[in-house]
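Chain residues, written in single-letter form:
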Amino acid sequence: MSVIAITGTGSLFGQAIIKSIKSSSFNNNTLVGIDYFSDTVGSYWVDINFILPDILNENITDSMWLDSILSIIQENKVEVLFIGVDFELPLFAKYKTHIENVT
């Protein structure tokens, strides 16, 4: 059994990813939800849900966001990560190598 994380549990993309996983042969894996808000629809469809610091808030730095992502990945032994929010794509691209090397 693997641990699969999905960001954007409140977005339509994040919810579609969760639904796709649940209707596939991967439905027995542990699903970790990650979002910027609590009580999103998708947060009720995953096994555990985490809240990130809002990267769109000018007081939140890339470093704060990245530390949170890395902590979630490491503590939950995440093996697969799906990105369900479009504004996260540049950040994940920017820190891709770092995330891969640290986790």
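Definitions and limits used
- Residues numbered from 1 in each chain as written.
- Predicted model: local features only at pLDDT ≥ 70, side-chain atom pairs only at ≥ 80, totals over all residues.
- Heavy atoms only, no water.
- Pairing = 2+ DSSP bridges.
- Helix = DSSP H or I, 4+ residues; strand = E, 2+ residues; numbered from the N terminus.
- Axes fitted to C-alpha atoms, helices over the stretch in contact; angles between N-to-C directions.
- Contact = heavy atoms within 4.5 Å.
- Buried < 20%, exposed > 50% of the residue type's maximum accessible area, 1.4 Å probe, protein only.
- Polar contact = N/O pair within 3.5 Å; in protein donor to acceptor, adjacent residues only side chain to side chain.
- 1 Å grid on protein atoms, 1.4 Å probe; cavity = no way out; pocket = protein on both sides within 12 Å on 5 of 7 lines; lining within 4 Å.
- Points joined across faces, edges and corners; volume = space filled by probe spheres on them.
- Phe/Tyr/Trp six-rings, centres within 6.5 Å; stacked < 30°, edge-to-face > 60°.

### Description of the sheet that holds strand β3 (residues 48–51)
Pairing in this open sheet of four strands is parallel, and the strands run β3-β2-β1-β4 from one edge to the other. Across the chains shown, the open sheet's two edge strands, defined by having one partner strand only, are β3 and β4 (80–82). Taking the axes of each pair of neighbouring strands and ignoring which way they run, one obtains an average angle of 20 degrees across the sheet. Bridge count between strand β1 (residues 3–7) and strand β2 (residues 30–35): five bridges; the pairing is parallel. Note on β2: the bridge partner recorded for Val3 is Thr30. Along the sheet, helix α1 (residues 12–22) contacts β1, β2 and β4; its crossing angle with β1, the most-contacted strand, is approximately 155 degrees. Helix α2 (residues 62–76) rests against β1, β2, β3 and β4 of the sheet, and its axis sits at about 170 degrees to β2.

### A closer look at the environment of Ile48
Tracing the backbone through its elements, the reader meets Ile48 in strand β3. Exposure remark for Ile48: the relative accessible area of 34% places this residue in the partly exposed category. Through-space distance from the C-alpha of Ile48 to that of Ile34 is 8.7 Å; in sequence the pair is 14 residues apart. Ile48 has contacts with Leu31, Val32, Gly33 and Asn76, leaving out every residue within four places of it along the chain.

### Focus on the side chain of Thr7
Considering the arrangement of structural elements, one finds Thr7 in strand β1. Within the local environment of Thr7, its side chain forms a polar contact with the backbone nitrogen of Gly84, the two atoms lying 2.8 Å apart. A distance of 2.6 Å separates polar atoms of two side chains, one belonging to Thr7 and the other to Glu88. In this structure Thr7 touches Gly14, Ile34, Leu81, Phe82, Ile83, Gly84, Val85, Glu88 and Phe92, once residues within four positions along its chain are discounted.

### Quick word on the layout of surface pockets
As a volume, the largest pocket reaches approximately 210 Å³. Residue lining of the largest pocket: Ile73, Val78, Glu79, Val80, Leu81, Ile83, Phe92, Lys96, Ile99, Glu100 and Thr103, and that is the complete set. Listing elements by their share of the lining of the largest pocket, those giving two or more residues are β4 and α4 (96–102). Here the element with the most residues in the lining of the largest pocket is α4; it accounts for three residues.

### A look at the packing of aromatic side chains
Here the distance between the centres and the angle between the planes together describe a pair of aromatic rings. Throughout the structure, instances matching the rule amount to two aromatic pairs. Their ring planes at 45 degrees and their centres at 5.5 Å tell us that Tyr36 and Phe87 sit as a pair that is tilted. With Tyr36 in the loop between β2 and β3 and Phe87 in the loop between β4 and α3 (89–94), the pair connects residues that are 51 residues apart, well separated along the chain. With 5.0 Å between their ring centres and 75 degrees between their planes, Trp65 and Phe92 make a pair best called edge-to-face. On the criterion of sequence distance, the pair formed by Trp65 in helix α2 and Phe92 in helix α3 is long-range, its members being 27 residues apart. Exposure class is identical for Trp65 and Phe92. Each is buried.

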